[in-house]
Structures are given as C-alpha cells and as structure tokens.
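# Residue-level structure breakdown
What follows is the residue order along each chain.
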Amino acid sequence: MPEYSRILIEEYCMNHTKTKKGTFLWDMVHKSYDIAYESTDYEILYLEQLISREKNPELKEALQDLDDFMCGY
C-alpha cells in the first residue's frame with residue numbers, strides 16, 4: 001500500500017476522531033501494518049461501503065488502496 005495513501009487516511013482520521021468512519025479507518029490503517037492480520041467480512045464490506053460513498057477523490061483512491069491491500073490484491 002502506498003505510504004501516501006496511509007498518510008491521507010491518517011490525516012482524515014485525526015481530523016474526524018469522534019466519528020465512526022474515522023475510528024474505523026484509524027483501526028484499519030494500523031492493522032494494515034500487521035502482515036499476518038486477516039480482515040473480517042464485516043471490515044471488508046464496511047470499507048467497500050465507505051469507498052462507494054466517498055466524495056473526495058484523493059481519499060477515495062486512498063481507501064481503494066487500503067481495500068486492495070487488506071484483501072490481498
């Protein structure tokens with residue numbers, strides 16, 4: 001996963017600490033550093049929902065990178 005994508009997601013999370021989306025993404029980014037971690041079905045489906053609803057093109061691309069990385073593509 002490109003480091004720039006992680007930075008964009010982490011920046012979003014730091015600016016939205018009180019939201020479900022921000023908390024979820026913060027957790028997912030930190031799990032992405034663990035090579036042995038396997039995403040749950042819920043995490044994958046929720047991340048896909050977030051991607052489909054995201055309006056910011058840069059953040060949307062970063063979320064897609066996270067999804068690809070977590071799913072092993």
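Residues numbered from 1 in each chain as written. Predicted model: local features only at pLDDT ≥ 70, side-chain atom pairs only at ≥ 80, totals over all residues. Heavy atoms only, no water.

## Digging into the nonpolar core
- In this structure, I9, F24, L25, L47, L63 and L66 are the most contacted members of the largest nonpolar core, which totals 17 residues.
- For this core, the secondary structure elements donating two or more residues are α1 (3-15), α2 (20-31), α3 (41-53) and α4 (57-71).
- In terms of residue count, the dominant contributor to this core is α4 (five residues).
- Excluding residues within four positions of it along the chain, L66 makes contact with M1, I9, L25, M28, V29, S32 and L47. (Core = buried A, V, L, I, M, F, W, Y, C linked by side-chain atoms within 4.5 Å. Buried < 20%, exposed > 50% of the residue type's maximum accessible area, 1.4 Å probe, protein only. Helix = DSSP H or I, 4+ residues; strand = E, 2+ residues; numbered from the N terminus. Contact = heavy atoms within 4.5 Å.)

## Notes on α3
- Its 13 residues give α3 an end-to-end C-alpha distance of 19 Å, which sits within 8% of 18 Å, the value for a rise of 1.5 Å per residue.
- For α3, every residue scored as buried is listed here: E43, Y46, L47, L50 and I51. Down the axis of α3, the buried set is contained in an arc of 145°. They therefore lie on one face. In α3, the exposed residues that point more than 90 degrees away from the buried face are D41, L45, S52 and R53.
- Each element contacted by the buried residues of α3 is listed here: α2 and α4. (Expected span 1.5 Å × (residues − 1). Arc of directions from axis to C-beta.)

## Overview of α4
- Between its first and last C-alpha atoms α4 spans 21 Å; for 15 residues at 1.5 Å apiece the expected length is 21 Å, and the two agree.
- Those residues of α4 not exposed but buried are L59, A62, L63, D65, L66, D67 and M70.
- Against α1, α2 and α3 lie the buried residues of α4.
- Of the residues flanking the start of α4, the one acting as N-cap is N56, its side-chain oxygen 2.9 Å from the backbone nitrogen of E58.
- Downstream of α4 by one or two residues, G72 has phi in the positive range, about 85°. (Polar contact = N/O pair within 3.5 Å; in protein donor to acceptor, adjacent residues only side chain to side chain.)

## Some words on the packing of α3 against α4
- Interaxial distance between α3 and α4 falls to 9 Å at its minimum, and their mutual angle equals 160°. Overall, the two elements α3 and α4 adopt an arrangement that is roughly antiparallel. In this structure, the crossing between α3 and α4 has a hand that is left-handed. Contacts from I44, L47, E48, L50, I51 and S52 in α3 reach K60, L63, Q64, L66, D67 and C71 in α4.
- For the contact of α3 with α4, the per-class residue count stands at seven nonpolar, two polar and three charged. (Axes fitted to C-alpha atoms, helices over the stretch in contact; angles between N-to-C directions. Parallel < 35°, antiparallel > 145°, perpendicular 65-115°, else oblique. Left-handed = near helix turned anticlockwise from the far one by under 90°. Nonpolar A, V, L, I, M, F, W, Y, C, P; charged D, E, K, R; others polar.)

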